[in-house]
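Structure assessment
One-letter residues, chain by chain:
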Amino acid sequence: MPNTAFTSGIAAGRLDPDAYTDNFTDLHPPLDDHEAMVAADRCYFCHDAPCMTACPTSIDVPMFIRQIATGTPEAAAQTIFEANILGGMCARVCPTETLCEEVCVREVAEGKPVEIGRLQRYATDTLMEKGTHPFTRAAETGKSVAVVGAGPAGLSAAHRLARYGHTVTIYDSRAKAGGLNEYGIASYKSPDNFAQAEVDWLLKIGGITIETGKSLGEDLTLDALKAEFDAVFLAIGLSGVNALKADGVDKSGVLDAVDFISDLRQSTDLSTLPIGRNVVVIGGGMTAVDAAVQAKLLGAQNVTIAYRRGRDRMSASEFEQDLATSKGVQILYNAQPVAVHGNGACAEVEFEFTAESDSGLSGTGETVRIPADQVFMAIGQTLDGVPDGIELERGKIAVDTLGRTSVAGVWAGGDCALGGEDLTVTAVAEGRDSAENMHKFLMGEG
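The present account deals with the structure reproduced in this document. (Residues numbered from 1 in each chain as written. Predicted model: local features only at pLDDT ≥ 70, side-chain atom pairs only at ≥ 80, totals over all residues. Heavy atoms only, no water.)

**Some points on the nonpolar core**
Of all hydrophobic cores here, the largest spans 66 residues; its most connected members are Phe 64, Ile 65, Ile 68 and Leu 119. Ignoring anything within four residues of it in the chain, the contact list for Ile 65 reads Ala 40, Cys 43, Phe 45, Val 114, Ile 116 and Leu 119. (Core = buried A, V, L, I, M, F, W, Y, C linked by side-chain atoms within 4.5 Å. Buried < 20%, exposed > 50% of the residue type's maximum accessible area, 1.4 Å probe, protein only. Contact = heavy atoms within 4.5 Å.)

This is how it looks when you write it as C-alpha coordinates:
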(Lines give C-alpha, C1' and ligand atoms only; values in the text may rest on other atoms or scores of the structure.)
Protein backbone atom coordinates (compact mmCIF):
# COMPACT_ATOMS: atom_id res chain seq x y z
CA MET A 1 0.00 0.00 0.00
CA PRO A 2 1.52 3.39 -0.94
CA ASN A 3 2.36 5.95 1.71
CA THR A 4 0.07 8.92 2.37
CA ALA A 5 0.00 11.96 4.63
CA PHE A 6 -1.51 9.67 7.28
CA THR A 7 1.33 7.11 7.20
CA SER A 8 2.94 7.09 10.63
CA GLY A 9 6.60 7.92 11.20
CA ILE A 10 9.02 9.27 8.61
CA ALA A 11 8.28 8.09 5.07
CA ALA A 12 8.91 8.98 1.45
CA GLY A 13 6.38 9.07 -1.37
CA ARG A 14 3.43 10.46 0.59
CA LEU A 15 1.95 12.14 -2.50
CA ASP A 16 0.94 11.22 -6.03
CA PRO A 17 3.81 11.83 -8.48
CA ASP A 18 2.09 14.79 -10.16
CA ALA A 19 1.52 16.47 -6.80
CA TYR A 20 5.24 17.03 -6.28
CA THR A 21 5.50 18.95 -9.54
CA ASP A 22 2.40 21.00 -8.74
CA ASN A 23 3.53 21.78 -5.20
CA PHE A 24 6.99 23.00 -6.17
CA THR A 25 6.13 25.25 -9.11
CA ASP A 26 6.84 28.98 -9.09
CA LEU A 27 5.58 30.79 -5.99
CA HIS A 28 5.04 33.91 -8.11
CA PRO A 29 4.37 33.08 -11.79
CA PRO A 30 6.20 35.37 -14.24
CA LEU A 31 4.33 38.26 -15.83
CA ASP A 32 3.53 38.06 -19.52
CA ASP A 33 4.08 41.09 -21.78
CA HIS A 34 0.59 42.52 -21.28
CA GLU A 35 0.64 42.01 -17.53
CA ALA A 36 4.03 43.71 -17.30
CA MET A 37 2.81 46.74 -19.23
CA VAL A 38 -0.25 47.04 -16.97
CA ALA A 39 1.85 46.67 -13.81
CA ALA A 40 4.42 49.21 -15.04
CA ASP A 41 1.66 51.72 -15.82
CA ARG A 42 0.86 51.93 -12.10
CA CYS A 43 4.26 53.45 -11.28
CA TYR A 44 4.36 57.21 -10.60
CA PHE A 45 8.09 57.35 -11.56
CA CYS A 46 8.71 59.31 -8.38
CA HIS A 47 11.55 61.80 -8.04
CA ASP A 48 13.78 60.70 -5.13
CA ALA A 49 11.79 57.48 -5.12
CA PRO A 50 11.58 55.80 -1.70
CA CYS A 51 11.65 52.36 -3.36
CA MET A 52 15.14 53.06 -4.69
CA THR A 53 16.35 54.16 -1.25
CA ALA A 54 14.88 51.01 0.33
CA CYS A 55 16.78 48.71 -2.04
CA PRO A 56 20.15 47.68 -0.55
CA THR A 57 21.64 47.71 -4.07
CA SER A 58 19.97 51.06 -4.92
CA ILE A 59 18.47 49.86 -8.20
CA ASP A 60 16.95 52.78 -10.10
CA VAL A 61 13.43 51.39 -9.84
CA PRO A 62 11.54 54.25 -11.55
CA MET A 63 13.97 54.14 -14.46
CA PHE A 64 13.71 50.41 -15.11
CA ILE A 65 9.93 50.44 -14.78
CA ARG A 66 9.70 53.36 -17.23
CA GLN A 67 11.87 51.37 -19.64
CA ILE A 68 9.45 48.44 -19.36
CA ALA A 69 6.53 50.82 -19.93
CA THR A 70 8.17 52.06 -23.14
CA GLY A 71 8.60 48.53 -24.45
CA THR A 72 12.33 48.13 -23.82
CA PRO A 73 12.68 45.40 -21.14
CA GLU A 74 16.27 44.67 -22.22
CA ALA A 75 17.22 48.25 -21.34
CA ALA A 76 15.39 47.83 -18.04
CA ALA A 77 17.46 44.73 -17.33
CA GLN A 78 20.65 46.66 -18.08
CA THR A 79 19.61 49.26 -15.50
CA ILE A 80 18.95 46.54 -12.92
CA PHE A 81 22.15 44.58 -13.59
CA GLU A 82 24.29 47.71 -13.36
CA ALA A 83 23.35 47.90 -9.69
CA ASN A 84 22.68 44.23 -8.96
CA ILE A 85 24.22 41.56 -11.17
CA LEU A 86 22.10 38.93 -9.39
CA GLY A 87 18.93 40.90 -10.05
CA GLY A 88 17.25 37.81 -11.49
CA MET A 89 17.51 35.83 -8.27
CA CYS A 90 16.78 38.84 -6.08
CA ALA A 91 13.56 39.39 -8.04
CA ARG A 92 12.54 35.90 -6.93
CA VAL A 93 13.70 35.78 -3.31
CA CYS A 94 13.92 39.35 -1.99
CA PRO A 95 11.40 40.20 0.72
CA THR A 96 10.14 43.07 -1.44
CA GLU A 97 7.15 43.42 0.88
CA THR A 98 9.50 44.79 3.56
CA LEU A 99 11.88 46.65 1.22
CA CYS A 100 10.99 48.47 -1.99
CA GLU A 101 7.29 47.61 -2.12
CA GLU A 102 6.68 48.49 1.52
CA VAL A 103 7.62 52.13 0.89
CA CYS A 104 6.05 52.38 -2.57
CA VAL A 105 3.86 55.48 -2.80
CA ARG A 106 1.04 53.31 -4.13
CA GLU A 107 1.34 51.03 -1.07
CA VAL A 108 1.22 53.98 1.33
CA ALA A 109 -1.74 55.60 -0.43
CA GLU A 110 -3.76 52.58 -1.57
CA GLY A 111 -2.44 49.52 0.25
CA LYS A 112 -1.36 47.94 -3.04
CA PRO A 113 2.21 48.61 -4.22
CA VAL A 114 3.59 48.50 -7.71
CA GLU A 115 4.73 44.91 -8.25
CA ILE A 116 8.39 45.86 -8.33
CA GLY A 117 9.75 42.37 -7.74
CA ARG A 118 7.71 40.75 -10.52
CA LEU A 119 8.56 43.59 -12.91
CA GLN A 120 12.24 43.14 -12.08
CA ARG A 121 11.96 39.46 -12.87
CA TYR A 122 10.17 40.21 -16.15
CA ALA A 123 13.00 42.49 -17.27
CA THR A 124 15.91 40.31 -16.16
CA ASP A 125 14.36 37.10 -17.51
CA THR A 126 13.76 38.77 -20.88
CA LEU A 127 17.44 39.60 -21.26
CA MET A 128 18.87 36.43 -19.73
CA GLU A 129 16.72 34.19 -21.92
CA LYS A 130 18.41 35.71 -24.96
CA GLY A 131 21.69 34.21 -23.70
CA THR A 132 23.57 37.48 -24.07
CA HIS A 133 25.56 39.36 -21.46
CA PRO A 134 25.04 43.11 -21.01
CA PHE A 135 28.61 43.99 -20.01
CA THR A 136 31.98 43.94 -21.73
CA ARG A 137 35.16 43.05 -19.90
CA ALA A 138 37.80 45.77 -19.77
CA ALA A 139 41.37 45.19 -20.92
CA GLU A 140 43.46 42.89 -18.73
CA THR A 141 45.06 44.70 -15.81
CA GLY A 142 47.50 41.93 -14.92
CA LYS A 143 46.07 41.85 -11.40
CA SER A 144 44.52 38.74 -9.84
CA VAL A 145 42.02 38.32 -7.01
CA ALA A 146 40.99 35.27 -4.98
CA VAL A 147 37.37 35.11 -3.89
CA VAL A 148 36.59 32.52 -1.22
CA GLY A 149 32.93 31.61 -1.42
CA ALA A 150 30.72 31.36 -4.51
CA GLY A 151 27.57 32.72 -2.93
CA PRO A 152 25.87 36.03 -3.75
CA ALA A 153 28.59 38.23 -2.22
CA GLY A 154 31.43 36.31 -3.88
CA LEU A 155 29.75 36.18 -7.28
CA SER A 156 28.88 39.87 -7.14
CA ALA A 157 32.43 40.87 -6.23
CA ALA A 158 33.93 38.56 -8.85
CA HIS A 159 31.78 39.94 -11.65
CA ARG A 160 32.53 43.57 -10.82
CA LEU A 161 36.27 42.84 -10.59
CA ALA A 162 36.23 40.92 -13.88
CA ARG A 163 34.46 43.84 -15.57
CA TYR A 164 37.40 46.00 -14.58
CA GLY A 165 39.81 43.58 -16.26
CA HIS A 166 41.13 41.74 -13.23
CA THR A 167 41.49 37.95 -13.26
CA VAL A 168 39.38 36.26 -10.58
CA THR A 169 39.50 32.77 -9.11
CA ILE A 170 36.54 31.75 -6.95
CA TYR A 171 36.95 28.90 -4.48
CA ASP A 172 34.00 27.16 -2.87
CA SER A 173 33.77 24.16 -0.55
CA ARG A 174 30.63 22.74 -2.15
CA ALA A 175 30.21 20.87 -5.42
CA LYS A 176 28.28 23.72 -7.05
CA ALA A 177 28.59 27.48 -7.07
CA GLY A 178 25.74 29.66 -5.86
CA GLY A 179 25.91 29.48 -2.08
CA LEU A 180 22.53 29.94 -0.42
CA ASN A 181 20.95 30.65 -3.80
CA GLU A 182 21.73 27.05 -4.73
CA TYR A 183 21.51 25.28 -1.37
CA GLY A 184 19.53 27.39 1.07
CA ILE A 185 16.41 28.80 -0.59
CA ALA A 186 13.04 27.09 -0.88
CA SER A 187 12.66 25.25 -4.18
CA TYR A 188 9.33 26.91 -4.99
CA LYS A 189 11.08 30.31 -4.96
CA SER A 190 13.70 29.32 -7.52
CA PRO A 191 12.57 26.33 -9.61
CA ASP A 192 13.97 25.04 -12.91
CA ASN A 193 17.60 25.18 -11.76
CA PHE A 194 17.63 28.96 -12.01
CA ALA A 195 20.52 29.40 -9.56
CA GLN A 196 22.92 27.49 -11.81
CA ALA A 197 21.58 29.15 -14.95
CA GLU A 198 22.30 32.52 -13.35
CA VAL A 199 25.85 31.50 -12.43
CA ASP A 200 26.50 30.34 -16.01
CA TRP A 201 25.11 33.59 -17.37
CA LEU A 202 27.21 35.69 -14.96
CA LEU A 203 30.38 33.90 -16.04
CA LYS A 204 29.87 35.12 -19.61
CA ILE A 205 31.72 38.29 -18.60
CA GLY A 206 34.94 36.25 -18.81
CA GLY A 207 37.99 36.36 -16.58
CA ILE A 208 36.42 34.26 -13.79
CA THR A 209 37.39 30.70 -12.88
CA ILE A 210 35.48 28.68 -10.29
CA GLU A 211 37.15 25.86 -8.35
CA THR A 212 34.70 23.84 -6.26
CA GLY A 213 35.43 21.39 -3.46
CA LYS A 214 38.03 23.68 -1.86
CA SER A 215 37.51 25.20 1.55
CA LEU A 216 39.45 27.68 3.62
CA GLY A 217 41.43 25.98 6.37
CA GLU A 218 41.45 22.54 4.76
CA ASP A 219 42.50 23.08 1.15
CA LEU A 220 43.38 26.77 1.25
CA THR A 221 45.16 29.10 3.65
CA LEU A 222 44.87 32.86 3.76
CA ASP A 223 48.65 33.26 3.76
CA ALA A 224 48.97 31.18 0.58
CA LEU A 225 46.19 33.12 -1.13
CA LYS A 226 47.78 36.43 -0.21
CA ALA A 227 51.08 35.23 -1.61
CA GLU A 228 49.53 34.07 -4.89
CA PHE A 229 46.98 36.82 -5.50
CA ASP A 230 47.04 40.61 -5.36
CA ALA A 231 43.92 40.76 -3.19
CA VAL A 232 41.52 38.41 -1.39
CA PHE A 233 37.78 38.66 -0.81
CA LEU A 234 36.24 36.46 1.89
CA ALA A 235 32.60 35.49 1.33
CA ILE A 236 32.55 32.26 3.32
CA GLY A 237 29.02 32.57 4.68
CA LEU A 238 27.90 30.97 7.93
CA SER A 239 28.59 27.25 8.01
CA GLY A 240 28.05 26.57 11.71
CA VAL A 241 24.65 25.91 13.28
CA ASN A 242 23.52 27.15 16.68
CA ALA A 243 22.90 24.40 19.21
CA LEU A 244 19.40 23.88 20.54
CA LYS A 245 19.41 24.13 24.32
CA ALA A 246 16.88 21.45 25.15
CA ASP A 247 17.01 17.91 26.46
CA GLY A 248 16.83 15.08 23.94
CA VAL A 249 18.03 16.93 20.87
CA ASP A 250 20.36 14.00 20.10
CA LYS A 251 17.40 11.73 19.33
CA SER A 252 16.85 10.32 15.86
CA GLY A 253 14.68 12.57 13.71
CA VAL A 254 16.09 15.85 15.02
CA LEU A 255 17.80 17.58 12.11
CA ASP A 256 19.15 20.95 10.99
CA ALA A 257 16.65 22.79 8.80
CA VAL A 258 19.51 24.06 6.62
CA ASP A 259 20.53 20.49 5.77
CA PHE A 260 16.92 19.54 5.03
CA ILE A 261 16.53 22.45 2.60
CA SER A 262 19.87 21.66 0.96
CA ASP A 263 18.95 18.01 0.46
CA LEU A 264 15.62 19.00 -1.02
CA ARG A 265 17.22 21.52 -3.38
CA GLN A 266 19.66 18.93 -4.69
CA SER A 267 17.14 16.12 -5.05
CA THR A 268 16.28 14.97 -8.55
CA ASP A 269 13.22 13.06 -7.32
CA LEU A 270 11.25 14.67 -4.53
CA SER A 271 9.16 11.53 -4.04
CA THR A 272 12.24 9.82 -2.56
CA LEU A 273 12.65 12.39 0.24
CA PRO A 274 11.38 11.05 3.59
CA ILE A 275 9.24 13.39 5.66
CA GLY A 276 7.45 12.91 8.96
CA ARG A 277 3.72 12.70 9.45
CA ASN A 278 4.08 15.24 12.26
CA VAL A 279 6.83 17.84 11.77
CA VAL A 280 7.91 20.58 14.15
CA VAL A 281 10.21 23.41 13.06
CA ILE A 282 11.88 25.46 15.78
CA GLY A 283 12.80 29.02 14.83
CA GLY A 284 11.39 32.29 13.57
CA GLY A 285 13.30 33.22 10.44
CA MET A 286 13.01 32.65 6.71
CA THR A 287 14.74 29.28 7.04
CA ALA A 288 12.09 28.10 9.48
CA VAL A 289 9.31 29.12 7.09
CA ASP A 290 11.05 27.56 4.08
CA ALA A 291 11.54 24.28 5.95
CA ALA A 292 8.00 24.18 7.29
CA VAL A 293 6.27 25.01 4.01
CA GLN A 294 8.34 22.48 2.09
CA ALA A 295 7.66 19.80 4.69
CA LYS A 296 3.96 20.42 4.11
CA LEU A 297 4.43 20.36 0.33
CA LEU A 298 6.21 17.00 0.63
CA GLY A 299 3.12 15.53 2.23
CA ALA A 300 3.47 15.96 6.00
CA GLN A 301 0.04 15.91 7.63
CA ASN A 302 0.77 18.29 10.50
CA VAL A 303 3.52 20.93 10.48
CA THR A 304 4.10 23.41 13.29
CA ILE A 305 6.54 26.30 13.55
CA ALA A 306 7.35 27.11 17.17
CA TYR A 307 8.90 30.50 17.98
CA ARG A 308 9.83 31.72 21.42
CA ARG A 309 8.58 35.29 20.91
CA GLY A 310 5.51 36.95 19.40
CA ARG A 311 4.45 37.35 15.76
CA ASP A 312 5.87 40.87 15.47
CA ARG A 313 9.28 39.68 16.67
CA MET A 314 9.73 36.97 14.03
CA SER A 315 12.45 37.84 11.53
CA ALA A 316 10.37 36.13 8.84
CA SER A 317 8.12 38.80 7.33
CA GLU A 318 4.35 38.84 7.78
CA PHE A 319 4.09 37.79 4.14
CA GLU A 320 6.21 34.71 4.83
CA GLN A 321 4.23 33.89 7.95
CA ASP A 322 0.97 34.24 6.06
CA LEU A 323 2.38 32.08 3.25
CA ALA A 324 3.13 29.36 5.79
CA THR A 325 -0.35 29.41 7.30
CA SER A 326 -1.94 29.47 3.83
CA LYS A 327 -0.17 26.16 3.13
CA GLY A 328 -1.57 24.62 6.30
CA VAL A 329 1.36 25.28 8.66
CA GLN A 330 0.46 26.14 12.24
CA ILE A 331 2.58 28.79 13.96
CA LEU A 332 2.92 28.56 17.73
CA TYR A 333 4.14 31.87 19.15
CA ASN A 334 5.69 32.51 22.57
CA ALA A 335 6.83 28.92 23.04
CA GLN A 336 10.38 27.82 23.80
CA PRO A 337 11.57 24.19 23.53
CA VAL A 338 12.18 22.36 26.79
CA ALA A 339 12.76 18.78 25.67
CA VAL A 340 12.42 16.28 22.85
CA HIS A 341 10.71 13.14 24.10
CA GLY A 342 10.78 9.63 22.66
CA ASN A 343 12.44 6.25 22.99
CA GLY A 344 15.55 6.75 20.86
CA ALA A 345 13.61 8.60 18.14
CA CYS A 346 11.65 11.79 18.68
CA ALA A 347 7.94 11.34 19.30
CA GLU A 348 6.94 14.74 20.67
CA VAL A 349 8.42 18.09 21.65
CA GLU A 350 7.67 19.80 24.93
CA PHE A 351 7.42 23.60 24.94
CA GLU A 352 7.10 26.13 27.71
CA PHE A 353 5.05 29.23 26.99
CA THR A 354 6.88 32.52 27.39
CA ALA A 355 6.14 36.11 28.29
CA GLU A 356 8.07 39.27 27.50
CA SER A 357 8.56 42.14 29.88
CA ASP A 358 10.97 44.99 30.47
CA SER A 359 13.33 42.49 32.09
CA GLY A 360 13.34 40.22 29.02
CA LEU A 361 11.90 36.86 28.02
CA SER A 362 10.84 34.42 30.72
CA GLY A 363 8.98 31.14 30.96
CA THR A 364 5.48 31.06 32.38
CA GLY A 365 5.69 27.53 33.74
CA GLU A 366 2.87 26.35 31.49
CA THR A 367 3.89 23.67 29.01
CA VAL A 368 2.49 21.87 26.00
CA ARG A 369 3.58 18.78 24.09
CA ILE A 370 3.31 18.52 20.30
CA PRO A 371 3.62 15.20 18.42
CA ALA A 372 6.70 15.14 16.20
CA ASP A 373 8.25 12.40 14.06
CA GLN A 374 10.72 14.98 12.78
CA VAL A 375 12.12 18.16 14.29
CA PHE A 376 13.95 20.73 12.18
CA MET A 377 16.13 23.24 14.01
CA ALA A 378 16.21 26.67 12.37
CA ILE A 379 17.67 28.75 15.18
CA GLY A 380 20.44 30.53 13.32
CA GLN A 381 23.90 29.89 11.95
CA THR A 382 27.36 30.79 13.16
CA LEU A 383 30.68 31.68 11.58
CA ASP A 384 33.28 28.91 11.33
CA GLY A 385 36.71 28.64 9.74
CA VAL A 386 37.93 32.23 10.06
CA PRO A 387 41.70 32.45 9.50
CA ASP A 388 43.93 33.56 12.35
CA GLY A 389 44.59 37.27 12.37
CA ILE A 390 41.17 38.29 11.07
CA GLU A 391 39.48 40.46 13.66
CA LEU A 392 35.96 39.49 14.69
CA GLU A 393 33.16 41.58 16.10
CA ARG A 394 29.91 40.16 17.50
CA GLY A 395 30.70 36.77 15.99
CA LYS A 396 31.38 38.01 12.46
CA ILE A 397 34.32 39.37 10.49
CA ALA A 398 34.86 43.02 11.35
CA VAL A 399 34.95 45.26 8.28
CA ASP A 400 34.99 48.99 7.69
CA THR A 401 32.55 50.82 5.44
CA LEU A 402 34.60 49.79 2.39
CA GLY A 403 34.61 46.09 3.27
CA ARG A 404 38.23 46.01 4.42
CA THR A 405 39.18 43.58 7.17
CA SER A 406 41.88 43.97 9.80
CA VAL A 407 44.37 42.28 7.43
CA ALA A 408 45.81 44.40 4.64
CA GLY A 409 44.78 43.26 1.18
CA VAL A 410 41.81 41.24 2.47
CA TRP A 411 38.16 42.26 2.19
CA ALA A 412 35.00 40.47 3.33
CA GLY A 413 31.27 40.62 2.66
CA GLY A 414 28.01 38.72 2.84
CA ASP A 415 26.72 36.78 5.84
CA CYS A 416 30.22 36.22 7.25
CA ALA A 417 30.87 39.96 7.64
CA LEU A 418 29.43 42.36 10.18
CA GLY A 419 27.02 44.54 8.25
CA GLY A 420 23.39 44.72 7.24
CA GLU A 421 20.64 42.14 7.17
CA ASP A 422 21.44 38.58 6.11
CA LEU A 423 19.70 38.87 2.74
CA THR A 424 20.77 37.91 -0.76
CA VAL A 425 20.40 41.50 -1.94
CA THR A 426 22.52 42.82 0.94
CA ALA A 427 25.26 40.31 0.16
CA VAL A 428 25.23 41.40 -3.49
CA ALA A 429 25.60 45.03 -2.46
CA GLU A 430 28.49 44.26 -0.12
CA GLY A 431 30.29 42.21 -2.76
CA ARG A 432 29.85 44.94 -5.36
CA ASP A 433 30.98 47.75 -3.05
CA SER A 434 34.00 45.81 -1.78
CA ALA A 435 35.00 45.11 -5.38
CA GLU A 436 34.89 48.83 -6.15
CA ASN A 437 37.32 49.52 -3.31
CA MET A 438 39.48 46.53 -4.25
CA HIS A 439 39.74 47.87 -7.78
CA LYS A 440 41.03 51.23 -6.49
CA PHE A 441 43.54 49.38 -4.31
CA LEU A 442 44.73 47.21 -7.20
CA MET A 443 45.16 50.23 -9.45
CA GLY A 444 47.07 52.15 -6.77
CA GLU A 445 44.28 54.68 -6.26
CA GLY A 446 43.41 53.96 -2.67
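Resuming the write-up.
**Here we look at the side chain of Asp 172**
Inspection of the secondary structure puts Asp 172 in strand S3 (residues 167-172). Summary of buried charges: Asp 172 has no salt-bridge partner, and the nearest side chain of opposite charge, Arg 174, is 5.5 Å away. A distance of 2.7 Å separates a polar side-chain atom of Asp 172 from the backbone nitrogen of Ala 150. What Asp 172 contacts, discounting residues up to four positions off in sequence, is Gly 149, Ala 150, Gly 151, Glu 211, Thr 212, Gly 213 and Lys 214. (Helix = DSSP H or I, 4+ residues; strand = E, 2+ residues; numbered from the N terminus. Lys, Arg positive; Asp, Glu negative; His and termini not counted. Salt bridge = Lys/Arg side-chain N within 4 Å of Asp/Glu carboxyl O. Polar contact = N/O pair within 3.5 Å; in protein donor to acceptor, adjacent residues only side chain to side chain.)

**A short note on the state of the cysteines**
Within this structure, the stated rule accounts for 0 disulfides. In this structure Cys 46 is not part of a disulfide, and its nearest cysteine sulfur, from Cys 43, lies 6.2 Å away. For Cys 46, a relative accessible area of 28% corresponds to the partly exposed category. Cys 104 takes part in no disulfide bond, and the closest cysteine sulfur, belonging to Cys 51, lies 6.5 Å away. (Disulfide = S-S within 2.5 Å.)

**Quick look at the pairing of strand S14 (residues 360-371)**
Sheet topology note: the strand S13 (residues 348-357)/S14 ladder contains 9 bridges and is antiparallel. In the strand pairing of S14, Ser 357 is matched with Gly 360. (Pairing = 2+ DSSP bridges.)

**Points about the sheet that holds S14**
Overall, antiparallel pairing links the 3 strands, which are arranged S12-S13-S14 in an open sheet. Of all strands in the sheet, those bounded by a partner on one side alone are strand S12 (335-341) and S14. Within this sheet the neighbouring strands show an average axis-to-axis angle of 25°, counted without direction. (Axes fitted to C-alpha atoms, helices over the stretch in contact; angles between N-to-C directions.)

**Some thoughts on the sheet that holds strand S2 (residues 144-148)**
Strand order in the open sheet formed by 5 strands is S4-S3-S2-S5-S19, and the pairing between neighbours is parallel. Two strands in the sheet have a free side with no partner beyond their single neighbour: strand S4 (208-212) and strand S19 (410-412). Strand-to-strand, the axes of this sheet are offset by a mean angle of 20°, without reference to chain direction. Note: S2 against S3, 5 bridges, orientation parallel. In the strand pairing of S3, Val 147 is matched with Ile 170.

**A few points about helix H2 (residues 33-40)**
Buried within H2 we find Ala 36, Ala 39 and Ala 40. Viewed end-on, H2 has its buried residues packed into an arc of 95°, placing them on one side of the element. Its side-chain oxygen placed 3.2 Å from the backbone nitrogen of His 34, Asp 32 serves as the N-cap of H2. (Arc of directions from axis to C-beta.)

**A word on the packing of helix H4 (residues 61-69) against helix H5 (residues 73-83)**
Describing two packed helices takes the angle between their axes plus the distance from one axis to the other. Close contact between H4 and H5 brings their axes to 7 Å; oriented N to C, the two are set at 170°. As the angle between them shows, H4 and H5 are arranged roughly antiparallel. Read as a crossing pair, H4 and H5 show a hand that is left-handed. Between H4 and H5, the contacting residues are Met 63, Phe 64, Gln 67 and Ile 68 on the first element and Pro 73, Ala 75, Ala 76, Thr 79 and Ile 80 on the second. (Parallel < 35°, antiparallel > 145°, perpendicular 65-115°, else oblique. Left-handed = near helix turned anticlockwise from the far one by under 90°.)

**Description of the pairing of strand S10 (residues 302-306)**
The buried fraction of S10 is high, at 4 of 5 residues. As defined by bridge partners, strand S9 (residues 278-282) adjoins S10 across 5 bridges and the pair is classed as parallel. Within the sheet, the bridge partner assigned to Ile 282 lies in S10 and is Ala 306. Read as a crossover between parallel neighbours, the route from S9 over helix H14 (residues 286-297) to S10 is right-handed. Sheet analysis places S10 next to strand S11 (residues 330-332), joined by 3 bridges and oriented parallel. Looking across to S11, one finds that Thr 304 is bridged to Gln 330. Once the chain exits S10 it traverses helix H15 (residues 318-326) before rejoining the sheet at S11, and the crossover so formed is right-handed. (Right-handed = clockwise from strand over helix to strand, strands pointing away.)

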